[in-house]
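Survey of secondary and tertiary structure
Next come the chains, spelled out residue by residue.
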Amino acid sequence: MQRAAPQSFDRVLSSMCTEPHPAARAAAERFLATNPGDPGTYGAITDLEGEAVATLGEIAGLDDPVGYVTSGGTEANVQAARIARNRADSGNPNVVVPESAHFSFRKAAGVLGVELRTAALDDRLRVDPDSVAERVDDDTVLVVGVAGSTEYGRVDPIPALADVAADAGALCHVDAAWGGFCLPFTDHEWSFAHAAVDTVTIDPHKMGQAVIPAGGLLARSPALLDALAVDTPYLESTTQATLTGTRSGAGVASAAAVMDALWPAGYRESYEAQMANTEWIAAALADRGYRAVEPELPLVAAGIPEPAFDALREAGWRLSKTATGEVRVVCMPHVTRAMLEGFVADLDRLDG
Ligand code: 0PR
């Protein structure tokens, strides 16, 4: 039987994951046979998870954070919606999300039995707080903002959304799954430090350069996380707030190790290099007459004709499109200037 090999990252341009940092790889391998779902047995990984949550809290502007390393952004978003639903006193709860919200909120609504209401974006592709205000009512349990949207890398006006949520008596959640490791180095107002945000999703396995699976859920207070706790009678620990039971110690250890290595200076350096590449590719595409959506974070979306897109994929470029058909170039840490130059050269050749 032929031995399977993973893809190389040489031509991966639309992924929100990246090559794990060497420290992340080493820690993952070391803690492969641990289960943070059972702190009574696997104490060392539980301590590392505490370290990871503390650093995630620093990144997201929260003293004394509570939370855990999830299986990814999907679990964190589902759990944030579940906290809001469990705490609210509504027979018919709803959650208001931007049109740009990740599809994980549709999964959350499905499994939790809550109604999902979608608010409109403004012409800069950020949610319009007036549209959110129009959709909230007495049964709204959660208002969601995205800080680094999946398709365009946009940051919603989080302080305004937190105000709408507070007026409605709802919780406020920020999905910074992808953007969270870049935003501390920008002027955006997105975190616990900027607004009355209750919960945040921030994923080490995206910009954080951890191995998969390592997402992050943070909550402002222990009472919020308690809304998820179930009793675990036959474990040494007495309650569990996670959605999964047995879970990957590799992801947790890798997140702790890479954040220890890179926060904050390494992530800043990485963000600055990524942003320089993003501006370079946006300008290169615009120079050639492709309509590029101006980047705010390391992500460029550009209108490239369908045949050229197909030819680029055929040439091995791992690309995907937005719902409206623009190509997404996500300038993750593995995306070098040389790679982008090669991509543009292929584009010139294939769409000549
Ligand atoms: N929130 C946001 C803003 C996201 O962009 C994503 C994933 C999630 C939540 C869900 O996170 P998990 O996938 O960790 O559960 N966004 C990417 C997407 O759906 C995920 C992705 C990653 C896709 C790598 C492709 C890929 O190669 O497009």
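With that out of the way, let us pick up the packing of helix α3 (residues 73-87) against helix α4 (residues 104-112). Orientation of α3 relative to α4, taken along the N-to-C sense of each, is 45°, at an axis distance of 9 Å. For the element pair α3 / α4, the angle class is oblique. Handedness of the crossing formed by α3 with α4: right-handed. Residue-level contacts link Thr74, Asn77, Val78, Ala81, Arg82 and Arg85 of α3 to Ser104, Phe105, Lys107, Ala108, Val111 and Leu112 of α4. Taken together, the residues of the contact of α3 with α4 break down into 6 nonpolar, 3 polar and 3 charged.

Moving on, we come to the site of the ligand. What surrounds the ligand is a group of 17 residues, the closest being Ser15, Thr74, Thr150, Asp175 and Lys206. The separation between an oxygen atom of the ligand and a polar side-chain atom of Thr74 is 2.5 Å. One of the side-chain N or O atoms of His102 is found 2.8 Å from an oxygen atom in the ligand. Protein contacts shield 76% of the accessible area of the ligand, which totals 600 Å² for the unbound molecule. Per-element tally for the shell around the ligand: the top contributor is α3, with 3 residues. Looking at the shell around the ligand, its residues break down into 4 nonpolar, 10 polar and 3 charged.

Looking now at the sheet that holds strand β3 (residues 115-119). Taken in spatial order, the 7 strands of this open sheet run β1-β7-β6-β5-β4-β2-β3, and their pairing is mixed. Both edges of this open sheet fall to β1 (66-70) and β3, since each of them pairs with a single strand only. Within this sheet the neighbouring strands show an average axis-to-axis angle of 20°, counted without direction. With 5 bridges joining them, strand β4 (residues 140-146) and strand β5 (residues 171-175) adopt parallel strand pairing. Bridge assignment links Val146 to a residue of β5, and that residue is Asp175. Packed on one face of the sheet, helix α2 (residues 43-59) meets β1 and β7 (215-219) and runs near 110° to β1. Across the face of the sheet, helix α6 (residues 158-168) comes into contact with β4 and β5 while running at roughly 180° to β4.

Another aspect to go through is the pairing of strand β11 (residues 299-302). The side chains of a regular strand alternate between both faces of the sheet. Here β11 shows no split at all, with Leu299 and Ala301 on one side and Val300 and Ala302 on the other all buried. Here strand β10 (residues 292-293) pairs with β11 via 2 bridges, running antiparallel. Counted as the bridge partner of Ala292 is Ala302 from β11.

The next thing to look at is the pairing of strand β2 (residues 94-98). Buried residues dominate β2, accounting for 5 of its 5 residues. Residue alternation in β2 divides its side chains into two sets, Asn94, Val96 and Pro98 and Val95 and Val97, and both sets are buried. Bridging between β2 and β3 involves 5 bridges; their strand directions are parallel. When the sheet's bridge partners are listed, Asn94 is paired in β3 with Glu115. Handedness of the β-α-β unit built from β2, α4 and β3 comes out right-handed. Examined bridge by bridge, β2 and β4 share 3 bridges and lie parallel to one another. What sits directly across from Val95, in β4, is Leu142.

The next subject is the environment of Leu62. Along the chain, Leu62 falls in the loop between α2 and β1. Taking the C-alpha atoms as reference points, Leu62 and Leu218, separated by 156 residues in sequence, lie 8.9 Å from one another. Beyond its immediate stretch of four places on either side in the chain, Leu62 contacts Gly57, Phe192, Ala219 and Arg220.

Another aspect to go through is the sheet that holds strand β12 (residues 320-321). Ordered in space as β10-β11-β13-β12, the 4 strands form an open sheet in which the pairing is antiparallel. Looking along the sheet, the strands with just one partner apiece sit at the ends: β10 and β12. Of the strand pairs in this sheet, β11 and strand β13 (residues 327-330) are connected by 4 bridges, and their pairing is antiparallel. For Leu299, the partnering residue across the bridge sits in β13 and is Val330. Across the sheet, helix α9 (residues 265-287) touches β10 and β11, and the angle it forms with β11 is around 15°.

Core analysis: the largest hydrophobic core is formed by 85 residues, its most contacted members being Leu13, Val132 and Phe343. Top element by residues in this core is helix α8 (residues 249-262). It accounts for 8 residues. Each of domain 1 (22-262) and domain 2 (265-350) gives at least three residues to this core. Beyond its immediate sequence surroundings of up to four residues, Leu13 is in contact with Trp317, Arg318, Leu319, Arg328, Val329, Val330, Val335, Met339, Leu340 and Phe343.

A few words on the domain arrangement of the chain. As far as domains go, the chain holds domain 1 (22-262) and domain 2 (265-350). Facing 25 residues of domain 1, the contacting portion of domain 2 comprises 24 residues. Both faces considered, domain 1 and domain 2 share a buried interface measuring about 2000 Å² in area, 61% of it formed by carbon and sulfur atoms. Summed over the three residues of domain 1 that lose the most area to domain 2, namely Glu151, Tyr152 and Phe185, the buried surface amounts to 32% of that side. The interface formed by domain 1 and domain 2 contains 2 salt bridges. Where domain 1 packs against domain 2, one counts 12 residue pairs in polar contact (both at pLDDT 80 or more). Considering only residue class, the side of domain 1 that touches domain 2 consists of 12 nonpolar, 9 polar and 4 charged.

Definitions and cut-offs
- Residues numbered from 1 in each chain as written.
- Predicted model: local features only at pLDDT ≥ 70, side-chain atom pairs only at ≥ 80, totals over all residues.
- Heavy atoms only, no water.
- Axes fitted to C-alpha atoms, helices over the stretch in contact; angles between N-to-C directions.
- Helix = DSSP H or I, 4+ residues; strand = E, 2+ residues; numbered from the N terminus.
- Parallel < 35°, antiparallel > 145°, perpendicular 65-115°, else oblique.
- Left-handed = near helix turned anticlockwise from the far one by under 90°.
- Contact = heavy atoms within 4.5 Å.
- Nonpolar A, V, L, I, M, F, W, Y, C, P; charged D, E, K, R; others polar.
- Near = heavy atom within 4 Å.
- Polar contact = N/O pair within 3.5 Å; in protein donor to acceptor, adjacent residues only side chain to side chain.
- Areas by Shrake-Rupley, 256 points an atom, 1.4 Å probe, with all protein chains shown as cover.
- Pairing = 2+ DSSP bridges.
- Buried < 20%, exposed > 50% of the residue type's maximum accessible area, 1.4 Å probe, protein only.
- Right-handed = clockwise from strand over helix to strand, strands pointing away.
- Core = buried A, V, L, I, M, F, W, Y, C linked by side-chain atoms within 4.5 Å.
- Domains from an automatic or database assignment.
- Buried area = accessible area lost by both parts, 1.4 Å probe.
- Salt bridge = Lys/Arg side-chain N within 4 Å of Asp/Glu carboxyl O.

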